[in-house]
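# Structural overview
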Amino acid sequence: MVKQPKYYFEAILGINAPWSIQDVNVDEKNKIIQVTLSHHTEKTRFSFFSKGNETESNKIVDTGLGKRWLHSSIGYYNCHIVSSAYDPNISSAGISRAALLQPNFLGDPNRNYTHQLRQEVALAYLRNLSPDAIANILRIDQAIVDDILSDIEKTPESYRLATCLPCESDPIWENMIYDKFHLKTQLFPLKLMLSKLKLSMIDPKVDVKLSDSVTELRKFFISHINALDSEVSQITALSMKKQSVEERRNVTTKLVLPALKNGIWLKLITGKIDLNSTNMPLNLFLVRLRHAFQNTEDNNIRVSALNSLREFFRKNVRSLKKELVLINQLMNAPEEAQYSLPDERSEIWKRILKDDTFIPSSHIAYKLLLSNLRSQILMNPDPVVELNAVRRVRDFIKHNQRFMQQELRMVLSNSR
């Protein structure tokens, strides 16, 4: 790598005063870029709304002890941030509210990843990517992804969704303030804030920095995160498909919470059916329950896991209406309407596992399952492993026929 001036890396990493890069060390052999930061105390200028920035800045102190965090990759190079200046008091079981307001290139003193990397993992998980897929895309170890997801799960639900908010260096905030991105909102306080911020940037009588305006806007989102589902979905590009007329009818009718003995809970916890939910608390809870369910032979523990899942839906019924509608549809679907799939001994299943182009699919959970199973077979080409993979593919299609009509038709036509 050609040695670049430090300000190139400052621009790439979003590092601004009072922060600066002290040193950049490139390890070509291990593909690692280590960036060492320095912090200079600076009197903050007038903030348009409050002096909140000054308060946050004063929390950063030079501890004299260099802390190292894993940051988002720069191309094919892993990036490590080193700094002795940070807030040593940020510490909690999950992600603290104070941590959400820290610069994106820093991290908690007791953790080994930066806030930006945490945000990228949180957002990828909200898009229903599995931990191994996230690790592969971000080019980091899966252990880091597991640590981040575990920390997010321990974060209070009152602001857990804020962990996926774009960092302050993300252009989306600047685009909203300069009206390059038109945010649709019905929340009057947010409308008022956006109007004032936009005017402040063009009014010559108001002395305000863009970074201060970005901080104020982002603070508002963090403080009101539970009332901004639609707005968060817009700025993070999460899918917010409007409900169909049929779905709206189903919501207005009385939704039934299946009994504990209903097989729907077993299908959910074993992954035989996928709700394609964007609800982060539910997805995180399912990951933990599946791990506990699959790693025990004790029936009492398994029944307890099923009951915990049902109780989660009962306590969070308001935020899980879409998922409950789908559960009711699956629960009431007549079994006789399902197609009969080829036997597991059919060669079609082996061909699906070997040929990625044989039966193309856009179903994310199905594609991730195939990728995982193919890796297992490649690592251990044993007939028993292959048979187990065949059964899992067949069971997945069997229990997800409603969402995989195209794939189902191709399986049936090729099996004939």
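Since this is a predicted model, take the numbers as computed values, not measurements. (Residues numbered from 1 in each chain as written. Predicted model: local features only at pLDDT ≥ 70, side-chain atom pairs only at ≥ 80, totals over all residues. Heavy atoms only, no water.)

### Let's talk about the pairing of strand 3 (residues 61–74)
As defined by bridge partners, strand 3 adjoins strand 4 (residues 77–86) across eight bridges and the pair is classed as antiparallel. Note on strand 4: the bridge partner recorded for D62 is A85. The hairpin formed by strand 3 and strand 4 contains two residues between the paired strands, and G75 there has a positive phi angle of roughly 65°. (Pairing = 2+ DSSP bridges. Helix = DSSP H or I, 4+ residues; strand = E, 2+ residues; numbered from the N terminus.)

### Observations concerning the packing of helix 5 (residues 131–138) against helix 6 (residues 142–153)
At a minimum axis separation of 8 Å, helix 5 and helix 6 run at an interaxial angle of 120°. When the interaxial angle is binned, helix 5 and helix 6 end up oblique. Between helix 5 and helix 6 lies a crossing of right-handed hand. Each of P131, D132, I134 and A135 in helix 5 lies in contact with helix 6, whose residues at this interface are Q142, V145, D146 and L149. (Axes fitted to C-alpha atoms, helices over the stretch in contact; angles between N-to-C directions. Parallel < 35°, antiparallel > 145°, perpendicular 65-115°, else oblique. Left-handed = near helix turned anticlockwise from the far one by under 90°. Contact = heavy atoms within 4.5 Å.)

### Section: the confidence of the model for the protein
The share of residues in the protein with pLDDT of 70 or more is 88%, and the mean pLDDT across the chain is 83. Counted against residues more than four places away or in other chains, residues 240–253, with its pLDDT under 50, gives nine contacts. (pLDDT = per-residue confidence, 0-100.)

### Observations regarding helix 6
Taking 1.5 Å as the rise per residue, helix 6 with twelve residues should run 16 Å; its terminal C-alpha atoms sit 16 Å apart, in good agreement. Among all positions in helix 6, only I144, V145, I148, L149, D151 and I152 are buried. Along the long axis of helix 6, the arc covered by the buried residues comes to 160°, so they all point the same way. Against the buried residues of helix 6 lie strand 3, helix 4 (115–126), helix 5 and helix 13 (280–294). (Expected span 1.5 Å × (residues − 1). Buried < 20%, exposed > 50% of the residue type's maximum accessible area, 1.4 Å probe, protein only. Arc of directions from axis to C-beta.)

### So, the packing of aromatic side chains
Each aromatic ring pair is described using two quantities: the centre-to-centre distance and the angle formed by the ring planes. Per the stated rule, a full pass over the model turns up seven aromatic pairs. Here the aromatic rings of W69 and Y86 are separated by 5.8 Å at their centres, their planes lie at 85°, and the arrangement is edge-to-face. Here Y86 lies in strand 4 and W69 lies in strand 3, a separation of 17 residues in the sequence. Grouping residues by exposure puts W69 and Y86 together as buried. Here the guanidinium or amino end of R302 rests over the ring plane of F293, the centre of that ring lying 4.8 Å away. (Phe/Tyr/Trp six-rings, centres within 6.5 Å; stacked < 30°, edge-to-face > 60°. Lys NZ or Arg CZ within 6 Å of the ring centre and 35° of its normal.)

### Some words on the sheet that holds strand 2 (residues 32–39)
Strands sit in the order 1-2-4-3 across an open sheet of four strands; the sheet is mixed. Looking at strand neighbours, the two that pair on one side only are strand 1 (19–27) and strand 3, the edges of this open sheet. Pairwise comparison of adjacent strand axes, ignoring direction, gives a mean angle of 20° for this sheet.

### Examining the side chain of T236
Structurally, T236 can be placed in the loop between helix 10 (229–235) and helix 11 (245–252). Contacts of T236, omitting those with residues within four sequence positions, involve L123, R127, C164 and P166.

### Some remarks on the nonpolar core
Formed by 49 residues in total, the largest nonpolar core has its most connected members in L165, W173, L217 and F221. Broken down by element, the residue count for this core peaks at seven residues, all from helix 4. With residues near it in sequence (within four places) discarded, F221 still touches L165, W173, L183, L190, L228, E231, V232 and I235. Of all hydrophobic cores here, the second largest spans 22 residues; its members include L341, L370, F396 and I397. (Core = buried A, V, L, I, M, F, W, Y, C linked by side-chain atoms within 4.5 Å.)

### So, the pattern of salt bridges
Between side chains of opposite charge, a pair can form when the charged atoms approach closely. Applying the stated criterion across every chain yields a total of nine salt bridges. Here D108 ties to R111 by a salt bridge, and the two come within 2.7 Å at their closest N and O atoms. When its relative accessible area of 11% is taken as the criterion, R111 is described as buried. With its nearest N and O atoms 3.0 Å apart, the salt bridge here joins K198 to D179. Residue K198 is located in helix 8 (residues 188–202), and its partner D179 is located in the loop between helix 7 (171–177) and helix 8; the two are separated by 19 residues in the primary sequence. Residue classification places D179 among the partly exposed positions, given a relative accessible area of 36%. Here the residues in one salt-bridge network are D108, R111 and D151, joined through shared partners. (Salt bridge = Lys/Arg side-chain N within 4 Å of Asp/Glu carboxyl O.)

### Things to note about the packing of helix 4 against helix 5
In the contact formed by helix 4 and helix 5, the axes pass within 10 Å of each other and the chain directions differ by 130°. Here helix 4 lies oblique to helix 5, going by the angle between them. Considering how the two elements wind past one another, helix 4 and helix 5 form a crossing that is right-handed. Touching L117, E120, V121, A124 and Y125 of helix 4 are P131, I134 and L138, all from helix 5. When the residues that make up the contact of helix 4 with helix 5 are grouped by side-chain class, the tally is seven nonpolar, no polar and one charged. (Nonpolar A, V, L, I, M, F, W, Y, C, P; charged D, E, K, R; others polar.)

### A short note on unusual backbone geometry
Between A17 and P18 the backbone carries a cis peptide bond, its omega angle lying at 10°. Summarising the element assignment, P18 is placed in the loop between helix 1 (6–13) and strand 1. Although it is not a glycine, R139 sits at a positive phi angle of roughly 60°. Here R139 shows up in the loop between helix 5 and helix 6.

### Focus on the environment of G14
Structurally, the position occupied by G14 is in the loop between helix 1 and strand 1. Note: C-alpha distance between G14 and F105 (91 residues apart in sequence) is 7.9 Å. Setting aside anything within four residues of it in sequence, one finds G14 in contact with N104, F105 and S169.

### Overview of helix 4
The α-helix winds at 3.6 residues per turn, so residues separated by three or four positions along the chain end up facing the same way. Its twelve residues give helix 4 an end-to-end C-alpha distance of 17 Å, which sits within 8% of 16 Å, the value for a rise of 1.5 Å per residue. The buried fraction of helix 4 is high, at eleven of twelve residues. Regarding helix 4, the residues found buried are H115, Q116, L117, R118, Q119, V121, A122, L123, A124, Y125 and L126. Among the structural elements, strand 3, helix 3 (97–100), helix 5, helix 6 and helix 13 are those in contact with the buried residues of helix 4. Just downstream of helix 4, N128 is the residue with a positive phi angle, here 70°.

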